[in-house]
Amino acid sequence: MKNYLLTLIAFCFILFNAKAQAPAQANPPKNNQKIAIGRIVHTDTSVVTKHTVTIKGQSIPYTATAGMMPIWDEEGRPTAGVFYTYYERDDVKDKANRPLVISFNGGPGTPSVWMELGYTGPRMLNADDEGYPVEPYGFKENSNSILDVADIVYVDPVNTGYSRTVTPETPKTGFFGVNEDIHYLAEWINTFVTRENRWASPKFLIGESYGTTRVSGLALELQDAQWMYLNGVVLVSPTDLGISRGGPVSDALRLPYFAATAWYHKKLPADLQGKELTTVLPEIEDFTINEYIPALSRGGFLSDDQKKAIATKVARYSGLSEKVVEDNNLVISYNLYWKELLRDQGFTIGRLDSRYRGIDRQTAGDGPDYNPELTTWLQEFTPAINIYLRNELDYKTDLKYNMFGNVFPWDNKNDHTGENLRQAIAENPYLHLLIQSGYYDGACDYFNAKYSLWQLDPSGRLKDRLKWEGYKSGHMLYLRKEDLATAAENLRKFILGAIPKQGQAAKY
């Protein structure tokens, strides 16, 4: 009897688990049906809803699909479900000429919520004109969405958003690493493009923060392993992309960001403070490349007079005192800068956006207690995405939406994503690159992004397809209303400009 009961229980479990993983086409969930209960993940489901959004005075009808698509192992068994939201304009029938934008965010443990509700999607969170939270939390129309010119799919990698492995015991080694992440997401993109019949469409990848590492690697992986060729890659607030910059170069490149931050907080000398930011920065950039890096390269063998002259300029451009610069051997760390710049006012400044101010337990110390910008963003984005997915997209689930999922230990070895991107651009004459940076971003600062751009093309023969843009915002440069409108319009122009003219061949 005991063996019979155990067999019956095992059979019921297998039957229930099989139903949980049944494809959406075979048993699609109804709107109001829960997609997942407890820790059981339905790896292949979708919910479809209809909407409109007004962009540039034009009403755009669109279909939104929210769902899960599986990742399979080598035996064809689902190992994880990747959550996505897909927005497709309804009044455009010619999908062969309709661009498709595939969007990722960073972390590496965060979902695509940030750009979906902050930048390019048809809805955006409630916030003031500078991006700070307002109540009631929620969302509104995004009149700057790029849905007028392109369809968009937002992808949440495993353990972010609602994406999960089939069971908590599923090995994570195939997901949590620079190259593992790129490999399985390329497979997922292939499945998505095939299911949605978008192979003929011009295709673009856009990533923010660690998402730039992701899409830089994906550009080559899609071409070389999936035989899928892109028209464009967009890097918003890019990482270093595995491009080497240690020692004096790394120490010096952060100075222009310090100068931009000091300008914002009115800490520069009067002659600099009275100028427009973009007029001031070229002077600091020139000093960084032509004087600061060579001086730091000499280390302790720099003469006293030279050291004094460099300290004076670093202090002038950073907004710090000469004593602080000299006491730190001419090199100011990010943490010290965020703590020191407004120390006399009792504030710290934000890492991801230096416009934000925080209050520490004590004024003393070498770094801030917390990131004031990140807590602010979580305060506004978290309720907005939960309300939006459940109420507007009708996606009902008991799973927690992971704003920051556990993806550790993350394997950072063999990060050659910058070189991968260069190779992809070289292989594909159609492929264009756009980089967008915020001047007040201290996590992925704008001058390091410029440096990456320069190093991406050592031959100088690809630079007509490479472009960088700067904005008076931070890491999420789109949270400032003025910059959102400009950045989105520039993104539109980039997408449309990267599509070849009819009959234009991909050749050198």
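Keep in mind that this is a model prediction, so the values were computed, not measured.

**Brief notes about the overall build of the chain**
For the chain, the count of helices and strands is 15 helices and 14 strands. The C-alpha atoms of the chain give 24 Å as radius of gyration, which agrees with the globular expectation for 508 residues (23 Å, within 12%). With respect to the principal axes defined by its C-alpha atoms, the chain has extents near 90 × 65 × 45 Å. Sequence-distant contacts, at least 24 apart, represent 71% of the contacts inside the chain between residues at least 6 apart.

**Here's the deal with the pattern of salt bridges**
For the structure on display, the rule yields 35 salt bridges. One salt bridge in this structure joins Asp148 and Arg492, with 3.1 Å as the shortest N-O distance. Of the two residues, Asp148 sits in the loop between β6 (139-141) and β7 (151-156) while Arg492 sits in helix α15 (residues 481-497), which places them 344 residues apart along the sequence. Side by side, Asp148 and Arg492 carry an identical accessibility label, which is buried.

**Re helix α14 (residues 446-456)**
In terms of burial, α14 is a largely internal element, nine of the 11 residues being buried. Of the positions making up α14, those classed as buried are Tyr446, Phe447, Asn448, Ala449, Lys450, Tyr451, Ser452, Leu453 and Leu456. You can read the cap of α14 off the contacts: a side-chain oxygen lies 3.2 Å from the backbone nitrogen of Phe447, and it is on Asp445.

**Points about the confidence of the model for the chain**
Summary statistics for the chain give a mean pLDDT of 92 and a share of 92% for residues scoring 70 or more. Considering only residues more than four positions removed or in separate chains, one finds that residues 1-33, a stretch of pLDDT under 50, has 29 contacts.

**Focus on the packing of helix α4 (residues 210-225) against helix α13 (residues 417-427)**
One way to put it is that α4 packs onto α13 with a least axis distance of 8 Å and a crossing angle of 45°. By the angle class used here, α4 and α13 are oblique. Every pair of crossing elements has a handedness; the one defined by α4 and α13 is left-handed. Here Thr213, Ser216, Gly217, Ala219, Leu220, Gln223 and Asp224 of α4 lie close against α13, whose contacting residues are Thr417, Asn420, Leu421, Gln423, Ala424 and Glu427.

**Let's talk about the side chain of Thr288**
Within the secondary structure, Thr288 is located in helix α8 (residues 277-297). Classification of Thr288 by relative accessible area gives buried; the value is 0%. Those residues in contact with Thr288, other than ones at most four positions away along the chain, are Ala252, Leu253, Leu255, Pro256, Ile293 and Phe447.

**Brief notes about the pairing of strand β3 (residues 78-89)**
Counting buried residues along β3, 11 of its 12 residues qualify, which places the element largely inside the surrounding structure. Joining the antiparallel neighbours strand β2 (residues 58-72) and β3 is a turn of five residues, in which Gly76 adopts a positive phi near 85°. As judged from the two bridges shared by β3 and strand β8 (residues 164-165), these two strands associate in the antiparallel manner. Across the sheet, residue Gly81 finds its bridge partner in β8, namely Arg164. In terms of strand pairing, β3 meets β7 through five bridges, oriented antiparallel. Bridge pairing in β7 places Tyr84 opposite Val155.

**Re the packing of aromatic side chains**
The full count for this structure, using the stated rule, is 33 aromatic pairs. Here the aromatic rings of Tyr119 and Tyr478 are separated by 5.1 Å at their centres, their planes lie at 15°, and the arrangement is stacked. Taken together, the residues Tyr119 in the loop between α2 (113-118) and β5 (123-125) and Tyr478 in the loop between β14 (466-471) and α15 connect sequence positions 359 residues apart. Using a relative accessible area of 0% as the deciding quantity, one classes Tyr119 as buried.

**Here we look at the environment of Ile349**
Inspection of the secondary structure assignment puts Ile349 in strand β11 (residues 348-349). A relative accessible area of 1% places Ile349 in the buried class. In the structure, Ile349 is positioned 202 residues away from Leu147 in sequence and 35 Å away in space, judged by C-alpha atoms. When sequence neighbours within four positions are dropped, the list of residues in contact with Ile349 reads Thr261, His265, Tyr337, Trp338, Leu341, Leu342, Ser354, Tyr356, Pro368 and Pro372.

Analysis parameters
Residues numbered from 1 in each chain as written. Predicted model: local features only at pLDDT ≥ 70, side-chain atom pairs only at ≥ 80, totals over all residues. Heavy atoms only, no water. Helix = DSSP H or I, 4+ residues; strand = E, 2+ residues; numbered from the N terminus. Rg over C-alpha atoms; globule rule 2.2 N^0.38 Å. Contact = heavy atoms within 4.5 Å. Salt bridge = Lys/Arg side-chain N within 4 Å of Asp/Glu carboxyl O. Buried < 20%, exposed > 50% of the residue type's maximum accessible area, 1.4 Å probe, protein only. Polar contact = N/O pair within 3.5 Å; in protein donor to acceptor, adjacent residues only side chain to side chain. pLDDT = per-residue confidence, 0-100. Axes fitted to C-alpha atoms, helices over the stretch in contact; angles between N-to-C directions. Parallel < 35°, antiparallel > 145°, perpendicular 65-115°, else oblique. Left-handed = near helix turned anticlockwise from the far one by under 90°. Pairing = 2+ DSSP bridges. Phe/Tyr/Trp six-rings, centres within 6.5 Å; stacked < 30°, edge-to-face > 60°.

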